[in-house]
Amino acid sequence: MSLRGLPPADIFDKALGGERRALGRLITFVERDAAEAETVAELAHERAGNAHVIGITGAPGSGKSTLTGQLVKLLGEAGKRAAVLAVDPSSPLTGGAILGDRVRMEDVASPDTFIRSMATRGHQGGLSLAVPGVVRLLDATGYDPIVIETVGVGQVEVDIAGTADTTVVVATPGMGDSVQANKAGLLELADLFVVNKADRPGAKDVRRDLDLMLDLSHVSGQDQRTGMRPEIIMTTALSGEGAPEMWDAIERHRTAITANGQLEARRVNRDIDEVRNRLMADLESRVDLMLAGQSLAGVAEVLDAVAARSLSPTAAATQLAARIKDL
Amino acid sequence: MSDASTSDPQIRVVLAKLGFDGHDRGIKIVARILRDAGMEVIFLGLRQSYKNVVNAVEQEDADAVGLSMHNASHMTLAPKMVDALAEAGLEVPVIVGGIVPDEDIDPLMKTGVAAILGPGASAEEVAQTVRDAVAAVRGSSPQA
Ligand SMILES: Nc1nc2c(ncn2[C@@H]2O[C@H](COP(=O)(O)OP(=O)(O)OP(=O)(O)O)[C@@H](O)[C@H]2O)c(=O)[nH]1
Ligand SMILES: [Mg+2]
C-alpha cells in the first residue's frame, strides 16, 4: 500500500501506529517544508514534550556516530525506543551530500531504533527550522531519547546541538588544544564532555586540559549558565568501553536539570527560538523581496543614493526599517 | 527552498553492497558521482543485509537503491533485494552497478531490477539513470 496521495493526517496515524515508513515520509515533508508540514507540526506538537533530547557534537571524525551507535545499543538493551537524527553537511557546490553516519550505527543498534540522516541543504536557516520539526515528530511518535548528531563546525550546527536537553561535546586526543574548541564555542555549550578514542595516547592530557578549563570558567563565573560543572567521561567508542558511564552521566544531568527547573526552561526557550527562527526566515524573505524592488515603491531610489554615496548604508537601513511594517 | 541543481525534490539514494564481497572502490566512486550530481547518498557500504537496506529505505524515505556487485552473485542477491523491498511495501527502483555478463542482463531486468550500469558507464550516465528510474516511480499513479 503506497503512501502517495494519502492526506498527511492519515500518514501521521500510521506513524503513531509504529509504521516506520510513514514516519520516514513525514520527516521528508518537514525537511522540505512542504505544504503538508504545517499539519504535521500541528499534530505532532500536542503529543510531543516527553522525550529527552540529547545533542552530540564535536570535531569531524571525533567518533560521534560510533559513540551514538554504542549509546543506542545500550538503550535498546534497556528496552528503550531511541531515535537518532544525524546531520551532515551538503556540498555547497552541488547541493549533494554523502551521509555516512548511519553505517556506523546500524550494526549495533537494536531493530527498534529509528535512524534518520539529514543533509544541511545549503540553507542554514532551513536547518534550524527543520531539525526541531523532525525532533518533535520523533517525540510525538514515541521515541525517547532522541539523539541529534551534528558536526561541531558552523554556528547553526553548534546551535542545534546546544538546544538539546543535554549537550555532549566529544573531544579526542590529537585534534588541537582546547583553545581551538573554545573558539568554536563548543566548550560553553557542553553539559557533559566525552573524551573519545581513550585507547589512543594523549587522552589523559585532553581530560586534564578540559578539567583545567572548567576550573578557569568556575573562577571567572562563566559556568553560571547551568550552575553545574560538566562531567568528563572517557570512552573508546570502537569497543563500547565507557558508553554505560556516558549514559549514566547523561541521566544524572537530566535528573539534575529536571529538579532545578532548567529542563522546563530550556524547552520553553527552544519553542520560543523556533518561533523566532520562523519569523526571522519570513522577515528575511520579505526583506529580500523589498531590496529586489518587488514589494515597496521607492526602494531603488534609496539604494541608488547609497551607490552614489549621497546616503550611507546605515541611514538607508534606518529609512527602510521604518517601512518594514508595510512589507 | 530551492536547491542548486534542480527544483525537483532532492533525490535520496541508499547505496549498499550485499553479501561478503569486500571491494568498495566502485561503490565509493558511485557515491561521489551521485553527490556531485546533487543527490543525497545514504552510504551503507559493504556487507549489508537485505534487512539493513529495507530499514534504511523506510527510515530515510529514500527514492532509490543502488547495489554495487562485483561477483557472480548478482543473479541471486539483486532479485532478493527487489522482493524484500516489495514485501515491505516500498516502491523504490533498484539499480545494479558492476560487472553483469551480457547474457544475464535480460533475466535480471525481468526480476524487477530497474536498471543495470556496467563498469564503463560515464558519470553522467550513472546520474541520469538514477534520475530516470526515480522519475518513473514518482510519475506513476499511486498503487492501491
Ligand atoms: N581508535 C579509535 N578510533 C575510533 C574510536 N571511535 C571512533 N573511531 C574511529 O574514528 C573514525 C570516525 O568515527 P565516526 O564515528 O565516523 O566519527 P564522527 O565524529 O561521527 O565523524 P563525522 O560524522 O564524519 O564528523 C572511524 O574510523 C572510527 O572507527 C575510538 O574510540 N578509538
Ligand atoms: Mg558521524
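Residue numbering note: each chain is counted from 1, following its sequence as written. Working convention: letters from A go to chains and numbers from 1 go to ligands, in the order in which they are written. Confidence filtering applies because this is a predicted model: local features only for residues at pLDDT of at least 70, side-chain atom pairs given and counted only at 80 or more, and all residues used for totals across whole chains, interfaces and linings. Each side-chain value is derived from all of the structure's non-hydrogen atoms; neither hydrogens nor water enter the calculation.

Caption draft 1: Up close: the environment of Asp209(A). Residue and element names in this part refer to chain A. By definition, any uninterrupted DSSP run of H or I lasting at least four residues is a helix, any uninterrupted run of E lasting at least two residues is a strand, and each is numbered from the N terminus. You can see aspartate 209 is positioned in helix α8 (residues 203-220). The buried label goes to any residue with under 20% of its type's maximum accessible area, the exposed label to any with over 50%, and the partly exposed label to all in between, with areas taken from a 1.4 Å probe on protein chains only. Judged by its relative accessible area of 27%, aspartate 209 falls in the partly exposed class. A C-alpha to C-alpha distance of 15 Å links aspartate 209 and alanine 190, two positions 19 residues apart in sequence.

Caption draft 2: Quick look at the interface of chain B and chain A. Contact with chain B, which involves 37 residues of that partner, is made by 33 residues of chain A. Buried area: the sum, over both parts, of the accessible surface (1.4 Å probe) that disappears when the two are put together. Note on chain B versus chain A: buried area summed over both sides is about 3,000 Å², and carbon and sulfur give 45% of it. We define a salt bridge as a side-chain nitrogen of Lys or Arg found within 4 Å of a carboxyl oxygen belonging to Asp or Glu. Between chain B and chain A we count 5 salt bridges in total. Residue Arg25(A) is joined to Asp61(B) by a salt bridge in which the shortest nitrogen-to-oxygen separation is 2.9 Å. Any pair of N or O atoms that falls within 3.5 Å is considered a polar contact. Within protein, one atom must be able to donate a hydrogen and the other to accept it, and sequence-neighbouring residues count only if both atoms are side-chain atoms. If you look at where chain B meets chain A, you find 19 residue pairs in polar contact (both at pLDDT 80 or more). Going through the elements one at a time, α1 (25-36), β2 (40-48), α2 (50-60) and α5 (123-139) of chain B are the ones with two or more residues in the side of chain B that touches chain A. Following DSSP output, two strands are said to pair if at least two bridges run between them. In terms of strand pairing, strand β3 (residues 97-99) of chain A meets β2(B) through 3 bridges, oriented parallel. Its bridge partner lying in β2(B), Leu99(A) is registered against Ile42(B). Contact criterion: two residues are considered in contact whenever any of their non-hydrogen atoms come within 4.5 Å of each other.

Caption draft 3: Layout of the packing of α2(B) against helix α3 (residues 74-87) of chain B. Residues and elements named next belong to chain B. Here, axes are lines fitted to C-alpha atoms. For helices the fit covers the stretch in contact, and angles between N-to-C directions go from 0 to 180 degrees. Look at α2 against α3: their axes get within 10 Å of each other, and the N-to-C directions meet at 40 degrees. One element, α2, and the other, α3, form an angle in the oblique class. Of the two possible hands of crossing, α2 and α3 adopt the one that is right-handed. Residues Tyr50, Val53, Val54 and Val57 of α2 form the contact with α3, whose own contacting residues are Thr76, Leu77, Lys80, Met81, Ala84 and Leu85. A class-by-class count of the residues in the contact of α2 with α3 yields 8 nonpolar, 1 polar and 1 charged. By the definition adopted for this analysis, an angle is roughly parallel if under 35 degrees, roughly antiparallel if over 145, roughly perpendicular if from 65 to 115, and oblique otherwise. Should the near helix be turned counterclockwise from the far one by less than a right angle, the crossing is left-handed, whereas a clockwise turn marks it as right-handed. We call Asp, Glu, Lys and Arg charged. Ala, Val, Leu, Ile, Met, Phe, Trp, Tyr, Cys and Pro are nonpolar, and the rest, Gly among them, are polar.

Caption draft 4: Quick peek at empty space enclosed by the protein. Residue and element names in this part refer to chain A. For cavity detection a 1 Å grid was placed over the protein atoms alone, and a set of points counts as a cavity when a 1.4 Å probe fits there but cannot get out; an open set counts as a pocket when protein lies on both sides within 12 Å along at least five of seven lines, with lining residues being those that have an atom within 4 Å of a point. Grid points are joined across faces, edges and corners, and a volume is the space filled by probe spheres set on the points. Scanning the entire structure with this criterion turns up 2 cavities of 30 Å³ or more. For the second largest cavity, the calculated volume is near 30 Å³. Along the walls of the second largest cavity sit Ala15, Gly18, Glu19, Arg20, Leu23, Arg81, Thr141 and Tyr143, which together make up its complete lining. Tallied by class, residues from the lining of the second largest cavity come to 3 nonpolar, 2 polar and 3 charged. Counting contributing residues, the lining of the second largest cavity receives three or more from each of domain 1 (1-47) and domain 2 (49-260). An automatic or database domain assignment supplies the start and end points of every domain.

Caption draft 5: Looking closely at the coordination of the magnesium ion (ligand 2). Residue and element names in this part refer to chain A. Atoms are scored as donors when they are N, O or S and lie within 2.8 Å of the metal, with 3.2 Å used for Na, K and Ca; no water is included, so coordination may look incomplete. Bound to the magnesium ion (ligand 2) on the protein side are Ser65 (OG), Asp101 (OD) and Glu149 (OE), at distances that span 2.1 to 2.2 Å. Read in sequence order, the donor residues for the magnesium ion (ligand 2) give the motif S-x35-D-x47-E. One end of the pair, aspartate 101, is in the loop between β3 and β4 (114-119); the other, glutamate 149, is in strand β5 (residues 146-151), with 48 residues separating them in the sequence.

Caption draft 6: Inspection of the nonpolar core at higher detail. As used here, the term nonpolar core means buried Ala, Val, Leu, Ile, Met, Phe, Trp, Tyr and Cys residues forming a set that is joined through side-chain atoms within 4.5 Å. In terms of nonpolar packing, the biggest core is built from 32 residues, with Leu23(A), Leu26(A), Met118(A), Val131(A), Leu137(A) and Leu138(A) touching the most fellow members. Put simply, the parts of the chain that give this core at least two residues each are α1 (8-16), α2 (20-32), α3 (37-45), β2 (83-88), β4, α5 (124-140), β5 and α6 (155-162) of chain A. It is α5(A) that contributes the most residues to this core, 8 residues altogether. Both domains that meet at this core, namely domain 1 (1-47) and domain 2 (49-260) of chain A, each give it at least three residues. If we skip the residues at most four places from it in the chain, Leu23(A) touches Ala15(A), Phe114(A), Leu137(A), Leu138(A), Thr141(A) and Tyr143(A). Core analysis: the second largest hydrophobic core is formed by 29 residues, Ile42(B), Leu44(B), Leu77(B) and Val100(B) among them.

Caption draft 7: Inspection of the site of ligand 1 at higher detail. Residues and elements named next belong to chain A. We call a residue near a molecule or strand as soon as one heavy atom of that residue lies within 4 Å of the molecule or strand. Around ligand 1, 18 residues are found, and the nearest of them are Lys64, Ser65, Thr66, Arg104 and Asp199. Taking threonine 66, its side chain carries an N or O atom lying 2.5 Å from an oxygen atom of ligand 1. With respect to ligand 1, the side chain of aspartate 199 contributes an N or O atom lying 2.9 Å from a nitrogen atom. Contact with the protein chains hides 79% of the accessible area of ligand 1, taken as 650 Å² for the molecule alone. Looking at the shell around ligand 1 element by element, the count peaks at 3 residues for helix α4 (residues 64-77). Among the residues making up the shell around ligand 1, the classes are represented as 4 nonpolar, 7 polar and 7 charged. The Shrake-Rupley method, run with a 1.4 Å probe, gives the accessible areas here. Residue values count only the displayed protein chains as cover.

Caption draft 8: Layout of the side chain of Gln48(B). Tracing the chain through its elements places Gln48(B) in strand β2. Here Leu46(B) takes part through its backbone oxygen, which lies 3.1 Å from a polar atom of the side chain of Gln48(B). Sequence-distant contacts of Gln48(B), that is, excluding residues within four places in its chain, are made with Val103(A), Glu106(A), Ala16(B), Lys17(B), Leu18(B), Gly19(B) and Val53(B).

Caption draft 9: Looking closely at the domain arrangement of chain A. All names here are of chain A. Parsing chain A into structural domains produces domain 1 (1-47), domain 2 (49-260) and domain 3 (273-326). Just the C-alpha atoms count here: the centres of domain 2 and domain 3 sit 38 Å apart. For the pair domain 2 and domain 3, the summed buried area comes to about 410 Å², and 53% of that belongs to carbon and sulfur atoms. Contact with domain 3 buries area across many residues of domain 2, yet Ser128, Leu129 and Arg136 alone supply 81% of it, more than any other trio. At the junction of domain 2 and domain 3, the tally comes to 1 salt bridge. The closest approach of N and O atoms between glutamate 274 and arginine 136, which form a salt bridge, is 2.6 Å. At the junction of domain 2 and domain 3, the tally comes to 1 residue pair in polar contact (both at pLDDT 80 or more). Tallied by class, residues from the side of domain 2 that touches domain 3 come to 2 nonpolar, 2 polar and 1 charged.

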